[in-house]
Amino acid sequence: MSLTKPPAASALELVGLTKRYGNAFTAVDAIDLRIAAGSYCCLLGPSGCGKSSTLRMIAGHETVSEGDILLGGRNITQAPAAQRGTAMMFQSYALFPHLSALDNVAFSLKMKGIGKAERQRKAQELLERVALGALAQRKPAELSGGQQQRVALARALITQPQVLLLDEPLSALDPFLRVQMRAELRRWQQELGLTFIHVTHSQEEAMALADQMVVMNQGRIEQAGSPREVFNQPATEFVANFMGGHNVLDSGGQRIAVRSDRIAVHHIASLAGDLPSLEGQVCDIEYQGSHVLLGVETLDAASAPRKKLLVTLPEAEFLQQPLGLHQPVRLSWRPEQAHVLAASSV
Ligand SMILES: Nc1ncnc2c1ncn2[C@@H]1O[C@H](COP(=O)(O)OP(=O)(O)OP(=O)(O)O)[C@@H](O)[C@H]1O
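Because the structure is a prediction, the values reported are computed rather than measured.

Asker: Could you clarify how one ought to interpret the site of the ligand in this entry?
Answerer: Residues in close proximity to the ligand include Tyr21, Phe25, Ala27, Pro46, Ser47, Gly48, Cys49, Gly50, Lys51, Ser52, Ser53 and Arg56, which together make up its full environment. Ser47 is positioned such that a nitrogen or oxygen atom in its side chain is 2.5 Å from an oxygen atom of the ligand. Between the ligand and Ser53, the relevant distance is 2.6 Å, taken from an oxygen atom to a side-chain nitrogen or oxygen of the residue. Surface burial for the ligand is 59%, taken as the share of its 640 Å² of free accessible area covered by protein chains. Each residue belonging to the shell around the ligand can be placed in one class, and the counts come to five nonpolar, five polar and two charged.

Asker: Honestly, the pattern of salt bridges in this entry has me stumped. Any pointers?
Answerer: Between side chains of opposite charge, pairing is possible as soon as their charged atoms come close. Going through the model one piece at a time under the given rule, you end up with 18 salt bridges. In this structure, Glu279 and Arg330 form a salt bridge, with 3.1 Å as the shortest nitrogen-oxygen distance. Here the residue Glu279 occupies a position in strand S14 (residues 277–287), and Arg330 occupies one in strand S17 (residues 328–332), the gap between them amounting to 51 residues. A residue is classified by how much of its surface remains accessible, and Arg330, at 13% relative accessible area, is buried. Of the charged contacts, one joins Glu336 and Arg334 as a salt bridge, the two residues approaching to 3.0 Å between their closest N and O atoms.

Asker: Sorry, what's going on with the state of the cysteines here?
Answerer: In a disulfide, the sulfur atoms of two cysteines are held together by a covalent bond. With the rule as written, the count across this model stands at zero disulfides. Note on Cys41: no disulfide assigned, nearest cysteine sulfur contributed by Cys42 at a separation of 6.7 Å. The class of Cys42 is buried, set by a relative accessible area of 0%.

Asker: Looking at this structure, I do not really get helix H1 (residues 51–59). What am I missing?
Answerer: Since the α-helix turns once every 3.6 residues, residues separated by three or four places project in the same direction. Here H1 lies mainly inside the structure; seven of its nine residues are buried. Of the residues trailing H1, Gly60 is marked for its positive phi of about 85 degrees.

Asker: Please clarify how the packing of aromatic side chains should be interpreted in this entry.
Answerer: Given two aromatic rings, their pairing is described by the distance between the two centres and the angle made by the two planes. In this structure the tally under the stated criterion is three aromatic pairs. Here the aromatic rings of Tyr40 and Phe196 are separated by 5.4 Å at their centres, their planes lie at 50 degrees, and the arrangement is tilted. Taken together, the residues Tyr40 in strand S3 (residues 40–44) and Phe196 in strand S8 (residues 195–200) connect sequence positions 156 residues apart. The residues Tyr40 and Phe196 share a single accessibility class, namely buried. On the numbers, 4.7 Å between centres and 55 degrees between planes, the contact of Phe96 with Phe107 is tilted.

Asker: It is not clear to me how the sheet that holds strand S11 (residues 246–251) should be interpreted in this structure. Could you clarify?
Answerer: Each strand in a sheet pairs with another by means of backbone hydrogen bonds, the pair being arranged parallel or else antiparallel. Strand order in the open sheet made by the three strands is S11-S12-S18, with antiparallel pairing throughout. Taken across any chain shown, the strands that pair with only one partner, and hence form the sheet edges, are S11 and strand S18 (338–340). Taking the axes of each pair of neighbouring strands and ignoring which way they run, one obtains an average angle of 35 degrees across the sheet. Examined bridge by bridge, S11 and strand S12 (residues 254–259) share six bridges and lie antiparallel to one another. By the bridge assignment, Leu249 is partnered in S12 with Ile256.

Asker: Could you clarify how one ought to interpret the packing of helix H2 (residues 101–111) against helix H3 (residues 116–129) in this entry?
Answerer: Where H2 meets H3, the axes come as close as 8 Å, and the angle between the chain directions of the two elements is 125 degrees. Between H2 and H3, the interaxial angle falls into the category oblique. Along this stretch, H2 crosses H3, giving a crossing that reads as right-handed. Residue-level inspection shows Ala101, Leu102, Asp103, Val105, Ala106, Leu109 and Lys110 of H2 in contact with H3, the latter providing Arg119, Gln120, Lys122, Ala123, Gln124, Leu126 and Leu127. Within the contact of H2 with H3, the residues separate by chemical class into eight nonpolar, two polar and four charged.

Asker: I'm lost on the layout of surface pockets in this one. Help?
Answerer: Its volume calculated, the largest pocket comes out at about 560 Å³. Lining the largest pocket are 23 residues; nearest its centre among them are Thr86, Ala87, Met88, Ser108 and Thr159. Among the secondary structure elements, those contributing two or more residues to the lining of the largest pocket are strand S6 (86–89), H2 and helix H4 (145–157). For the lining of the largest pocket, the residue count by class is 14 nonpolar, seven polar and two charged.

Asker: Explain the sheet that holds strand S1 (residues 12–21) to me, please; I cannot follow it from the model alone.
Answerer: Spatially, four strands are ordered S2-S1-S4-S5 in an open sheet, and the strand pairing comes out antiparallel. The sheet terminates laterally at strand S2 (25–35) and strand S5 (74–75), the two strands that pair on one side only. As paired elements, S1 and strand S4 (residues 66–71) share five bridges and run antiparallel to each other. Paired with Val15 across the strands is Asp68, a residue of S4.

Asker: Quick question: what am I supposed to make of the nonpolar core here?
Answerer: Nonpolar side chains tend toward joint burial in soluble globular proteins. Within the largest apolar cluster, 48 residues are counted, with the highest numbers of intra-cluster contacts made by Val105, Leu127, Val151 and Phe196. If one sorts the elements of this core by residue count, H4 sits on top with six residues. Contacts of Leu127, omitting those with residues within four sequence positions, involve Ala101, Leu102, Val105, Leu132, Gly133, Ala136, Val151 and Ala154. By size, the runner-up hydrophobic cluster in this structure holds 26 residues, among which are Leu33, Val64, Leu71 and Leu165.

Thresholds, definitions, all that
Residues numbered from 1 in each chain as written. Predicted model: local features only at pLDDT ≥ 70, side-chain atom pairs only at ≥ 80, totals over all residues. Heavy atoms only, no water. Near = heavy atom within 4 Å. Polar contact = N/O pair within 3.5 Å; in protein donor to acceptor, adjacent residues only side chain to side chain. Areas by Shrake-Rupley, 256 points an atom, 1.4 Å probe, with all protein chains shown as cover. Nonpolar A, V, L, I, M, F, W, Y, C, P; charged D, E, K, R; others polar. Salt bridge = Lys/Arg side-chain N within 4 Å of Asp/Glu carboxyl O. Helix = DSSP H or I, 4+ residues; strand = E, 2+ residues; numbered from the N terminus. Buried < 20%, exposed > 50% of the residue type's maximum accessible area, 1.4 Å probe, protein only. Disulfide = S-S within 2.5 Å. Phe/Tyr/Trp six-rings, centres within 6.5 Å; stacked < 30°, edge-to-face > 60°. Pairing = 2+ DSSP bridges. Axes fitted to C-alpha atoms, helices over the stretch in contact; angles between N-to-C directions. Parallel < 35°, antiparallel > 145°, perpendicular 65-115°, else oblique. Left-handed = near helix turned anticlockwise from the far one by under 90°. Contact = heavy atoms within 4.5 Å. 1 Å grid on protein atoms, 1.4 Å probe; cavity = no way out; pocket = protein on both sides within 12 Å on 5 of 7 lines; lining within 4 Å. Points joined across faces, edges and corners; volume = space filled by probe spheres on them. Core = buried A, V, L, I, M, F, W, Y, C linked by side-chain atoms within 4.5 Å.

So this is what it looks like as structure tokens:
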């Protein structure tokens, strides 16, 4: 089979997947998840929530305490890493510094005992696929961060995986390159048609890349859905707080989330009519280019202890009626903008 023809992608299913380290500590707690074939899935969550443990179990680099991993309907829970149909691309790329790009890519074929001419032909073909054909003889230190990432990708693809696993693949790059390489990862995924599972702690990265975002917290899945679903309809208070851009409030005995760009700011004396509203005082003003971020400390006795709400105003709107620090204001929102939150699963 030609390496320029990508292998078929397969759906991946996690069924009650659990990882315990030692007897007492559960790092991944009976998670169920289906990742569609050929989709880009981001596992997202704070440090220690179990993202990497989940990825390592899928890769076969970590034993499974309970549950199953199915790839294209095949149970791979106990299969050796090399026979799963998955490949891992690491944060630091883990390239061998003394080997050329070509030999780095060809390495796993060498381990399988494939002859030199054959493995070098396949490695060259893959390097060309990631637009590095002309740099095949360079050592990693002679390549840029972005080029090293492409070598690492070619090296992972040479095993013809159905699922590519990426553990914080962009975190070693500077912010500018990170955004550039993020677009490249997405393009590669679409071109190759493979299933990508990408671990990140960055909400922005996951929103930019994912078809399916999986927000984890303390070993459980708080929410899985498209970036738009997760951002617009956070299932729990944890997700609303973790995603940012939301204010979490008490309302009629329920916890609600209201997006910071859905809150209107009025003069303190103006009436909000039937709309829910709160009085407050401006405590922060941050200019952020296209918009201005206001921090407003609530004055309502009912919301004691005082709470800081975030309001995002388009720059032009702010400039029409500039607000100063300590200025009293009334905040309101339309009832349909309030999203009721479920209790956190943890
Ligand atoms: N080999 C191990 N032995 C014992 N505990 C471990 C081991 N690996 C991870 N843990 C613990 O399991 C929990 C989940 O770790 P994991 O690395 O999966 O989290 P993570 O979400 O990927 O975190 P990070 O973003 O910091 O990498 C953490 O509390 C961690 O300390």
